[in-house]
Number of protein chains: 2
Amino acid sequence: MLSELGERKVIEIIHNIIEKRLDFKPDFDDSVFVKLPSSDYLVLHTDVLNESTDFVEEMGFYNFGWKAVISNLSDVACKGAKPLGILFSFSIPNKINLDNFEKMVKGICDACKENDVIYLGGDTSSSNELSIAGFTFGITKRIVKRKGAKVGDLVGVTGKFGLNSIAYEILFKKIKSDETIKDLSLANLFKPKGRIKEALMISSFLNCCMDISDGLAISLNQLCELNGLGAKIFNIPIHEKVYEFCEMNNLDPLELSLYKGGEEYEILFCFEEKYLEDIRNILTSLGCEFNVIGKVTKEKKLIYDDGKRSFIIENRGWEHFKKWL
Amino acid sequence: MLSELGERKVIEIIHNIIEKRLDFKPDFDDSVFVKLPSSDYLVLHTDVLNESTDFVEEMGFYNFGWKAVISNLSDVACKGAKPLGILFSFSIPNKINLDNFEKMVKGICDACKENDVIYLGGDTSSSNELSIAGFTFGITKRIVKRKGAKVGDLVGVTGKFGLNSIAYEILFKKIKSDETIKDLSLANLFKPKGRIKEALMISSFLNCCMDISDGLAISLNQLCELNGLGAKIFNIPIHEKVYEFCEMNNLDPLELSLYKGGEEYEILFCFEEKYLEDIRNILTSLGCEFNVIGKVTKEKKLIYDDGKRSFIIENRGWEHFKKWL
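Only a predicted model underlies this, so the values are computations on that prediction, with no experimental measurement involved.

A. Highlighting the relation of the copies chain B and chain A. When chain B is fitted to chain A, the best match, at an RMSD of 0.0 Å, comes from turning it 180° and sliding it 0.0 Å along the axis. Between the two chains, the operation in question is that of a two-fold axis. When the interface residues of chain B are mapped onto chain A, 99% of them are again interface residues, pointing to one common binding face.

What follows is the structure, given as structure tokens:
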């Protein structure tokens, strides 16, 4: 049964079959790239959202469409490639309400417009569950991979963390919250802004980059593992409302932000210290929160140490199939 | 309810929203294309298969994977672009059997190998229904669209028709058949060869091209409608076993082949008469059945006339959402 395996194990099974049958070792990066005759790189990415896994009533169909676009564009932009267009394969249950379907398509259109991407069309088929698979592509002269970090690089992130974790607590554990925090955290989860422009504008300064979709702790662990390096993290930017919520509910803001989040679509990247001011200037000019959170180390350990608390950042969080690990 | 609308109506709704919100008129072609800086065209296509719509027990998971590849490559090859790679977004139910999942991935790999296409990876997500959305792309200097036919062009097809119609009769209407015909027709439906190499090798001679996935009558009608022209069809190549099956079951082979088929992944194309021998030589050298079935006319009527029978070829057949029209 797949449910016992978890998503990364499933990907491993797929890759093993590909290697055996096609004699081809897939890159474990999130997007794929192909060198064009012009020597530019074509970057391609696909991301699928399913109603039973990715949709809740509170989200609304407009946001479902919106999010499907952002989750696709985010990965291509992280590679340093401007997303040029997007296609969708819709699997649609016969019982779907037409009004909801139209809202979803409007959400897709608006997210495309916001990010200057052409929605080019796609396929439709009937099914028992609403499933929307997006496919996007972009072109770049230089690819920023998830692998490329060097010892001594600074580790940076956009945004502040913890709001999506609160949203999950409210939705799935029915934890009570005041309305302001609830609205803020649900909006953050359901209609992610994405860092498409931000990722593109700083890409030339980065050694590696990825978006944060499976939770901060998992993303940090992936980054270290892929690069065969470690990191010392000394600062996790946490949204001010998260402290408030945690105090009310007797929760640890750091634990919450690291392990209970996901789908922030903020970006995580490594760069040489000499580019710090360039990156800060660009992100500040875009009104984007930016923080240096740590440093890449040779020792293959991912350690949190802010002078007061020190611990190993474990590789756990939300994952498809296994739900909460 | 979408089920009352049919797939083409759904596509119309999507296109209307795109036009209003994005001020962009999507091309009604099956694949989309983008001009690259090198002035080549990037051709992109997505096609999704769902278990409840596209899978039956008799098919097996290996063929499900195989077919998902062929249905994607076919459209890109029809445009004259060699498919370079394919990505898949898998939506997988937790209850799926691991052995079946592996068979499906093997079918995907083998179809890629057969057609010299790299399976690059993709996304996985959990869902209630197995859904596999494929995305493929290719590059070409010259695009062969579905629009481009000229009055006087010959209309050609690869392959012979009727076997898939028999398969549908056996599967969905439980009509009895002898084992040879049954095996032949089910294999034809479940493991389509596709005409990837064939389409590419004749593409420079074609004015327009499309693959036949919704049934021959619908494809012929689409071709006429898109081109704002008509056609006189004088010959539909029908597989010899279809006559045998029809005699046994008191069915009309022509009616069956035109209106009850689908997913043949044979190709339908128009070309100037002067290229007839070139096309015939290429297709014959590939061991591919080829027939001229008609001629493009200025009068916007799609007429069948073989000297014995004459009728209008109606725009009906299988369609998603509405099932049998």
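That was the structure; now back to the text.
B. How the structure looks around the side chain of Thr53 of chain A. Topologically, Thr53 of chain A is positioned in helix H2 (residues 51-54). One polar contact links the side chain of Thr53 of chain A to the main-chain carbonyl oxygen of Ser126 of chain B, over a distance of 2.3 Å.

C. Just the confidence of the model for chain A, in detail. Counting all residues, the mean pLDDT for chain A is 92, and 95% of those residues have values of 70 or more. Confidence drops under a pLDDT of 50 for residues 320-325 of chain A, and excluding neighbours within four residues, the segment shows 33 contacts in the predicted structure.

D. Expanded view of the domain arrangement of chain A. Residue and element names in this part refer to chain A. Domain boundaries assigned for chain A yield domain 1 (31-140) and domain 2 (154-319). When each unit is reduced to the centre of its C-alpha atoms, the spacing between domain 1 and domain 2 is 24 Å. Summed over both sides, the interface of domain 1 with domain 2 buries roughly 1,700 Å², with 66% coming from carbon and sulfur. Where domain 1 touches domain 2, the interface holds 4 residue pairs in polar contact (both at pLDDT 80 or more).

E. Broad picture of helix H11 (residues 276-285) of chain A. All names here are of chain A. Of all the positions in H11, only Leu276, Ile279, Ile282 and Leu283 are classed as buried. Down the axis of H11, the buried set is contained in an arc of 140°. They therefore lie on one face. Across from the buried face of H11, at angles greater than 90 degrees, the exposed residues are Asn281, Thr284 and Ser285. Those residues of H11 that are buried are in contact with strand S6 (154-158), helix H7 (196-202), strand S7 (206-211), strand S9 (267-271) and strand S10 (290-297).

F. Representation of unusual backbone geometry in the model. Residues and elements named next belong to chain B. One non-glycine residue, Lys174, lies in the positive phi region at around 55°. Within the secondary structure layout, Lys174 lies in the loop between helix H5 (163-172) and helix H6 (179-190). The exposure class of Lys174 is exposed, given its relative accessible area of 59%. In the Ramachandran plot, Asn250 falls in the positive-phi region, its phi being about 55° despite a non-glycine side chain. With respect to the element layout, Asn250 can be found in the loop between helix H9 (240-249) and helix H10 (253-259).

Rules used in this analysis
Residues numbered from 1 in each chain as written. Chains lettered and ligands numbered in written order. Predicted model: local features only at pLDDT ≥ 70, side-chain atom pairs only at ≥ 80, totals over all residues. Heavy atoms only, no water. Least-squares fit on C-alpha atoms with pLDDT ≥ 70 in both. Contact = heavy atoms within 4.5 Å. Helix = DSSP H or I, 4+ residues; strand = E, 2+ residues; numbered from the N terminus. Polar contact = N/O pair within 3.5 Å; in protein donor to acceptor, adjacent residues only side chain to side chain. pLDDT = per-residue confidence, 0-100. Domains from an automatic or database assignment. Buried area = accessible area lost by both parts, 1.4 Å probe. Buried < 20%, exposed > 50% of the residue type's maximum accessible area, 1.4 Å probe, protein only. Arc of directions from axis to C-beta.

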